[in-house]
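Structural description and commentary
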Amino acid sequence: MTVLEAIAILCAGLTAGTINAVIGSGTLVTFPVLLAVGYPPVVANVTNGLGLVPGSATAVHGYRRELRGHWRHAFGLVACSAVGAVLGAVLLLALPAEWFRYIVPALIAGALVLVIFQPRISAWVLARRPDVATGHGLRGAIGLTGAYGGYFGAGQGIMLFALLGTALPDDLQRVNALRNLLAGTANGVSAAIFVVAADVAFGAAGLIAVGAAVGGVLGARVGRRLSPRALRGLVVVVGLVAIGLVLLD
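Throughout this document, residue positions are counted from 1 along each chain, in the order its sequence is written. With pLDDT at 70 or above as the cut-off, local features in this predicted model cover only qualifying residues; side-chain atom pairs require 80 or more to be listed or tallied, and sums for whole chains, interfaces and linings still use all residues. The side-chain figures draw on all heavy atoms in the structure; neither hydrogens nor water molecules are used.

**Some words on helix 2 (residues 27-37)**
- The buried label goes to any residue with under 20% of its type's maximum accessible area, the exposed label to any with over 50%, and the partly exposed label to all in between, with areas taken from a 1.4 Å probe on protein chains only. Secondary structure elements are defined from DSSP: runs of H or I of at least 4 residues count as helices, runs of E of at least 2 residues count as strands, and each element is numbered from the N terminus. Within helix 2, eight of the eleven residues are buried, leaving the element largely enclosed by the surrounding structure.
- Buried within helix 2 we find Thr 27, Leu 28, Val 29, Thr 30, Phe 31, Pro 32, Leu 34 and Leu 35.
- Two residues or fewer after helix 2 comes Gly 38, characterised by a positive phi angle close to 120°.

Here it is, written out as structure tokens:
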């Protein structure tokens, strides 16, 4: 890894940590950078997953006020996300690497659609705020998003926002805090499995971790001041680059 490549990975981690705290889909920044540096897709994916864990932790800490008094309520959803993440991580490691190479472009394309339509998703959520409690259907859906997060993860945050925002009567800032917690849980659980059972580029993961940790703090504190359109535009551009890199690899 050259000095310029290390700087690029560090900056990608910073950007991804910020985006994850604000909206999610930061993987669409770090993953293509790792591919561009030369890591194979599966190695890039597991390295990215491990590196983004500190960013999830700092984002959750930044939203600790919104989570106050809701930890007990959130425990069941956290458990569902964790179980799903185990399934997703096992599938990633058990299935042939060639499958991942073919599946990832479709997953990235789906995530980009979510990013592009995120404002409409948010408006749809606001128009359908129910006064209902968490049910088994929501827990099952959270488990599925956890499995998706354990396998790849880009777009998981937007999926969670839509699910939680339409199923819970909480303030949307609390919903976003819970979104960070659940996405971070899936990321952390899958990363623990990857450390033990996968080929991880620990140097690159460390650089992403440093950048993402700072980005998580920035995203939680000042992310609302950033232009959502600019963030979405950045994510879409790097996502398209990622698709191209995977297909040409």
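**Things to note about helix 1 (residues 3-22)**
- Expected helix span is given by 1.5 Å per residue-to-residue step, counting one fewer step than there are residues. Over its 20 residues, helix 1 extends 29 Å from the first C-alpha to the last, a length consistent with the 28 Å expected when each residue adds 1.5 Å.
- Buried residues of helix 1: Ala 6, Ile 9, Ala 12, Gly 13, Ala 16, Gly 17, Thr 18, Ile 19, Asn 20 and Ala 21, and no others.
- Among the residues trailing helix 1, Gly 24 stands out with phi positive, at a value near 95°.

**Focus: the confidence of the model for the protein**
- The pLDDT value expresses, per residue, how confident the predictor is, ranging between 0 and 100. Considering every residue of the protein, the mean pLDDT works out to 82; 83% of them sit at 70 or more.
- No element of the protein has a lower mean pLDDT than helix 13 (residues 228-248), which averages 68, and none a higher one than helix 3 (residues 41-51), which averages 92.

**What about empty space enclosed by the protein?**
- Here a cavity means grid points, on a 1 Å grid over the protein atoms only, where a 1.4 Å probe fits yet cannot get out; a pocket means an open set of points with protein on both sides within 12 Å along at least five of seven lines; lining residues are those with an atom within 4 Å of a point. Grid points are joined across faces, edges and corners, and a volume is the space filled by probe spheres set on the points. Inspection of every chain in the model, using the stated rule, returns two cavities of 30 Å³ or more.
- Its boundaries defined by the atoms lining it, the largest cavity holds a volume of some 320 Å³.
- If you go around the largest cavity, you meet 30 residues; those closest to its centre are Asn 20, Thr 27, Gln 156, Ala 183 and Asn 187.
- Every element with two or more residues in the lining of the largest cavity is listed here: helix 1, helix 3, helix 4 (53-62), helix 9 (136-151), helix 10 (156-167) and helix 11 (172-197).
- In terms of residue count, helix 11 provides more of the lining of the largest cavity than any other element does, eight residues in total.
- Three classes are used: nonpolar for Ala, Val, Leu, Ile, Met, Phe, Trp, Tyr, Cys and Pro, charged for Asp, Glu, Lys and Arg, and polar for all others, with Gly counted as polar. Here the lining of the largest cavity is composed, by residue class, of ten nonpolar, 19 polar and one charged.

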